[in-house]
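Here is what each chain is made of, one letter per residue.
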Amino acid sequence: MINKSLLLTYLYLLIYITLSSGVILYNKWVLSPKYFNFPFPITLTMIHMGFSGAVAFLLVRVFKVVSPIKMTFEIYATCVIPISAFFASSLWFGNTAYLHISVAFIQMLKALMPVATFLMAVLCGTDKLRWDVFSNMLLVSVGVVVSSYGEIHFNVVGTVYQVTGIFAEALRLVLTQVLLQKKGLTLNPITSLYYIAPCSFMFLFVPWYFLEKPGMEVSQIQFNFWIFFSNAICALALNFSIFLVIGRTGAVTVRVAGVLKDWILIALSTVVFPESTITGLNIIGYAIALCGVVMYNYLKDWKLEKKSSDVQTPDSSDGVTSSASDLKLDEEAPLIPSSRLSYIGRTQLSGQGS
């Protein structure tokens, strides 16, 4: 007899992998001069943010599906604005990379995410520099360097854009943990988009006005409503699918699904975009990087399990038991945060193309 709960879990994972891969390939197709030829990544990202913000507004204010949280000006200024700024930056730089490098190589570069997250956590003071983690990060970095060396169509500009986007996303994840979680705020996927998408849209407007608006005025660009509408729908659906999967399975399963998705996407991108070429060094370097990522996740999950195993700890003074929630939590920002409020988008990291 088929376990319906397990079947539903696999269905959610399949939806997540399909949407994540689809959004990335769709963005590449839209932006690439060889295909749809809409080389305006900031504009495309603004369409995603504007659409997501509008849908979230309707769900919160009109249909009242969820209630907004108690948002003060101090919380908005010190939490939402900086998080939105780095979220917008990660999407902008990540989408711009599609103009210069292949989808396959971008996915290989994304193996740097745990390295960037760990470094940002150390710089922000939420984690300490530990040699076991540092050795894993070094292994990941070596793998990415080998993979880059084996890239036939290596492009410095595209690589810089992608790596910058990765570090912007890593800083966003760390800031989300530091600023929002420590204030006790929890945002579901709708309220996350409700507060952060409009703010990210405004941050994107400034570089768009100076960098892309003049080019859009003088060049002959094609605008197909249904293509951009369906692209925005897919990006919004991806946001919700990530939360559904994490809520159904947990962050560890999402990490495993993310690795599987990356391999599928790398292989699929060479079929969809024939100009993409994967070399033996690409594969070897990416495999080395993944070994470092797996070791990093294993050490982190082992540490979390060790802490959570002591759910009730006797108090030596009065014999009263305290719950695990009273213990000091692990402040290290994981590759994919276990807290649902932290993940609004690409995902990727894989999210909307970054």
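Preceding this section is the structure that the text describes.
My aim in this report is to walk through the structure given alongside it, one point at a time.

This brings us to the overall build of the protein. Assigned secondary structure in the protein consists of 11 helices and 2 strands. Tracing the protein from N to C terminus, the helices and strands come up as α-α-α-α-α-α-α-α-α-α-α-β-β. For the protein, the exposed area adds up to about 16,500 Å²; of that, 70% sits on carbon and sulfur atoms.

Before going further, it helps to examine the packing of helix α1 (residues 4-31) against helix α9 (residues 225-248). Two elements in contact, α1 and α9, have axes separated by 8 Å at closest approach and are oriented at 145 degrees. Taken as a pair, α1 and α9 cross one another with a handedness that is left-handed. Here the residues of the contact of α1 with α9 are counted per class, giving 19 nonpolar, 7 polar and 1 charged.

Here the focus is the side chain of Ser 21. Summarising the element assignment, Ser 21 is placed in helix α1. For Ser 21, the residues in contact, after removing those within four places along its chain, are Lys 261 and Leu 265.

A word on the environment of Gly 285. Locating Gly 285 in the fold gives a position in helix α11 (residues 280-308). Along the backbone, Gly 285 and Leu 139 are 146 residues apart, and their C-alpha atoms lie at a distance of 10.0 Å. In contact with Gly 285, not counting residues within four places along its chain, are Gly 143, Val 144, Val 146 and Ser 147.

Look at α9: 34 Å from first C-alpha to last across 24 residues, which is about the 34 Å you get at 1.5 Å a residue. The N-cap residue of α9 is Asn 224: its side-chain oxygen and the backbone nitrogen of Trp 226 are 3.0 Å apart.

In this section: the packing of helix α3 (residues 73-97) against helix α8 (residues 189-218). Between α3 and α8, the shortest axis-to-axis distance is 8 Å and the interhelical angle comes to 55 degrees. As summarised for this structure, α3 and α8 are arranged oblique, according to the angle between their axes. Crossing hand, α3 versus α8: right-handed. Here Tyr 76, Val 80, Ile 81, Ile 83, Ser 84, Ala 85, Phe 87, Ala 88 and Trp 92 of α3 come into contact with α8, specifically with Tyr 195, Ile 196, Cys 199, Ser 200, Phe 203, Leu 204, Pro 207 and Leu 211. In the contact of α3 with α8, the residues fall into 15 nonpolar, 2 polar and no charged.

Glancing now at the packing of aromatic side chains. For the structure on display, the rule yields 20 aromatic pairs. Considering the side-chain rings of Tyr 35 and Phe 273, the 5.2 Å spacing of their centres and the 70 degrees angle between planes classify their relative orientation as edge-to-face. Residue Tyr 35 is located in the loop between α1 and α2 (41-62), and its partner Phe 273 is located in the loop between α10 (251-272) and α11; the two are separated by 238 residues in the primary sequence. Note on Phe 225 and Trp 226: the rings are 5.1 Å apart at their centroids and 75 degrees apart in plane angle, and the pair reads as edge-to-face. Residue classification places Phe 225 among the partly exposed residues on the basis of a relative accessible area of 48%. What links up through ring pairs into an aromatic cluster is the set Tyr 26, Trp 29, Phe 36, Phe 38, Phe 40, Phe 223 and Phe 228.

On to unusual backbone geometry, then. Leaving glycine out, the prevailing phi sign among residues is negative, and the prevailing peptide bond configuration is trans. Phi at Asn 37 takes a positive value of approximately 65 degrees, unusual for a residue other than glycine. For Asn 37, the location among the structural elements is in the loop between α1 and α2. When its relative accessible area of 35% is taken as the criterion, Asn 37 is described as partly exposed. Of note, Lys 64 is a non-glycine position whose phi angle comes to about 55 degrees, a positive value.

A few words now on a nonpolar patch on the surface. A grouping of Met 202, Phe 205, Val 206, Tyr 209, Phe 210 and Leu 211 is seen on the molecular surface, where their side chains present a nonpolar patch of about 640 Å² in accessible area. Position of Met 202 relative to the elements: it lies in helix α8.

Two side chains bearing opposite charge may form a pair once their charged atoms approach each other closely. Enumeration according to the criterion identifies 4 salt bridges in this entry. Between Asp 132 and Arg 130 there is a salt bridge whose closest N-O contact spans 3.7 Å. If you follow the salt bridges from partner to partner, you end up with Asp 127, Arg 130 and Asp 132 in one network.

Reading the values: the criteria
- Counting starts from 1 at the beginning of each chain's written sequence and moves along it residue by residue.
- Since the coordinates come from a predicted model, pLDDT governs what is reported: local features require at least 70, and pairs of side-chain atoms require 80 or more to be given and counted, while whole-chain, interface and lining totals use all residues.
- Side-chain numbers here rest on the full set of heavy atoms in the structure, without hydrogens or water.
- Helix and strand definitions follow DSSP, with helices as H or I runs of at least four residues and strands as E runs of at least two, each counted in order from the N terminus.
- We get accessible surface area from the Shrake-Rupley algorithm with a probe of 1.4 Å; when it comes to residues, only the shown protein chains can shield them.
- All axes here are fitted lines through C-alpha atoms, helices being fitted over the stretch that makes contact, and every angle between N-to-C directions spans 0 to 180 degrees.
- It is the rotation of the near helix from the far one that decides the hand of a crossing: anticlockwise by less than a right angle makes it left-handed, clockwise makes it right-handed.
- Here the nonpolar group is Ala, Val, Leu, Ile, Met, Phe, Trp, Tyr, Cys and Pro; Asp, Glu, Lys and Arg are the charged ones; every other residue, Gly included, is treated as polar.
- By definition, residues are in contact when any of their heavy atoms lie within 4.5 Å.
- One fewer than the residue count of a helix, multiplied by 1.5 Å, yields its expected span.
- In protein, a polar contact requires one atom able to donate a hydrogen and another able to accept it; more generally it is a pair of N or O atoms within 3.5 Å, and residues adjacent in sequence count only if both atoms are side-chain atoms.
- Geometric relationships in this document are graded by angle, where less than 35 degrees denotes roughly parallel, more than 145 denotes roughly antiparallel, 65 to 115 denotes roughly perpendicular, and other angles denote oblique.
- Centre distance within 6.5 Å is the pairing criterion for rings of Phe, Tyr and Trp, where only the six-membered ring of Trp is used; planes under 30 degrees apart are then read as stacked, over 60 as edge-to-face, and the remainder as tilted.
- In this scheme, a residue with accessible area under 20% of its type's maximum is buried, one over 50% is exposed, and one in between is partly exposed, where area comes from a 1.4 Å probe on protein chains only.
- Patch criteria: residues need more than 30% relative accessible area and no salt bridge. Like-charged residues are merged within 9 Å; nonpolar side chains of Val, Leu, Ile, Met, Phe, Trp and Tyr are merged within 5 Å.
- Within this document, salt bridges are pairs made up of a side-chain nitrogen of Lys or Arg and a carboxyl oxygen of Asp or Glu, the two lying within 4 Å of each other.

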